[in-house]
Amino acid sequence: QVQVVESGGGLVQPGGSLRLSCSASRSISSIYLMGWYRQAPGEQRELVADIDLTNGGTINYADSVKGRFTISRDDAKNTVYLQMNSLKPEDTAVYYCRVRYGFDYWGQGTQVTVSS
């Protein structure tokens, strides 16, 4: 069992930045993968970025966020971050953290709203 807790969402103007945090209740060294997904109203949940913690830290980004978002890890804090820069209104969504440790575990989600 893994507890997943996200934080860092909020309201930001277009062009602004936010940093999301995802903390796991287990050591990152024992986890296969952590990643961020998002779901806008009426849309399916989609991958934003993930990091394979067992395969040299391979990182994947959705094309829509490449060059603007950065996923990173802090093993000492069992935490993965999503730095989001140059935010656009279309980035508005609930952002969820996914942890793969045998099964998939999800956080409760954090709202990100980009609006002037």
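Residues numbered from 1 in each chain as written. Predicted model: local features only at pLDDT ≥ 70, side-chain atom pairs only at ≥ 80, totals over all residues. Heavy atoms only, no water.

Before going further, it helps to spend a moment on the state of the cysteines. In total, this model carries one disulfide according to the counting rule given. The side chain of Cys 22 participates in a disulfide bridge whose partner is Cys 97; the two sulfur atoms lie 1.9 Å from each other. The chirality of the disulfide connecting Cys 22 with Cys 97 is left-handed, given an S-S dihedral of about -75°. Residue Cys 22 is found in strand S3 (residues 18-24), and its partner Cys 97 is found in strand S9 (residues 93-101); the two are separated by 75 residues along the sequence. In this structure Cys 22 comes out as buried when scored by relative accessible area, which is 0%. (Disulfide = S-S within 2.5 Å. Helix = DSSP H or I, 4+ residues; strand = E, 2+ residues; numbered from the N terminus. Buried < 20%, exposed > 50% of the residue type's maximum accessible area, 1.4 Å probe, protein only.)

Note that S9 and strand S10 (residues 103-106) share four bridges and pair antiparallel. Residue pairing across strands places Arg 100 opposite Asp 104, the latter belonging to S10. The turn linking S9 back onto S10 is made up of one residue, and Gly 102 within it adopts a positive phi angle of 80°. (Pairing = 2+ DSSP bridges.)

Working definition: the strands of a sheet are paired by backbone hydrogen bonds and lie parallel or antiparallel to each other. The strand order S1-S3-S8-S7 describes an open sheet built from four strands, whose pairing is antiparallel. Either end of the sheet is taken by a strand with one partner, and the two such strands are strand S1 (4-7) and strand S7 (69-74). Averaged over all pairs of adjacent strands, the angle between their axes in this sheet comes to 15°, without regard to strand direction. (Axes fitted to C-alpha atoms, helices over the stretch in contact; angles between N-to-C directions.)

With that settled, consider unusual backbone geometry. A positive phi angle, close to 50°, is found at Asn 78, a residue other than glycine. A positive phi angle, near 50°, is found at Ser 86, a position not held by glycine. Examined against the element boundaries, Ser 86 turns out to sit in the loop between strand S8 (79-84) and S9.

Right, let's talk about the pattern of salt bridges for a bit. Inspection of the entire model under this criterion finds seven salt bridges. Where Glu 46 meets Arg 38, a salt bridge forms, and the shortest distance between an N and an O atom there is 2.8 Å. On the basis of relative accessible area, Glu 46 is assigned to the partly exposed category, the value being 36%. The class for Arg 38 is buried, based on a relative accessible area of 7%. For Asp 91, the salt bridge goes to Arg 38, with nearest N and O atoms at 2.9 Å. Within this pair, whereas Asp 91 is found in the loop between S8 and S9, its partner Arg 38 is found in strand S4 (residues 33-39), the two being separated by 53 residues in sequence. (Salt bridge = Lys/Arg side-chain N within 4 Å of Asp/Glu carboxyl O.)

Further remarks concern the nonpolar core. Generally speaking, nonpolar side chains in soluble globular proteins are found buried as a group. Ranked by internal contacts, the top residues of the largest apolar core, which has 30 residues, are Met 34, Trp 36, Leu 82, Met 84 and Tyr 95. Mapped onto this core, the elements with two or more residues apiece are S3, S4, strand S5 (46-52), S7, S8, S9 and strand S11 (110-114). Contacts of Tyr 95, omitting those with residues within four sequence positions, involve Glu 6, Leu 20, Trp 36, Tyr 37, Arg 38, Val 48, Phe 69, Leu 82, Met 84, Gly 109, Thr 110 and Val 112. (Core = buried A, V, L, I, M, F, W, Y, C linked by side-chain atoms within 4.5 Å. Contact = heavy atoms within 4.5 Å.)

Before going further, it helps to spend a moment on the environment of Ser 116. Looking at the element boundaries, Ser 116 is found in the segment after S11. The spatial distance from the C-alpha of Ser 116 to the C-alpha of Asp 50 is 29 Å, given a sequence separation of 66 residues.

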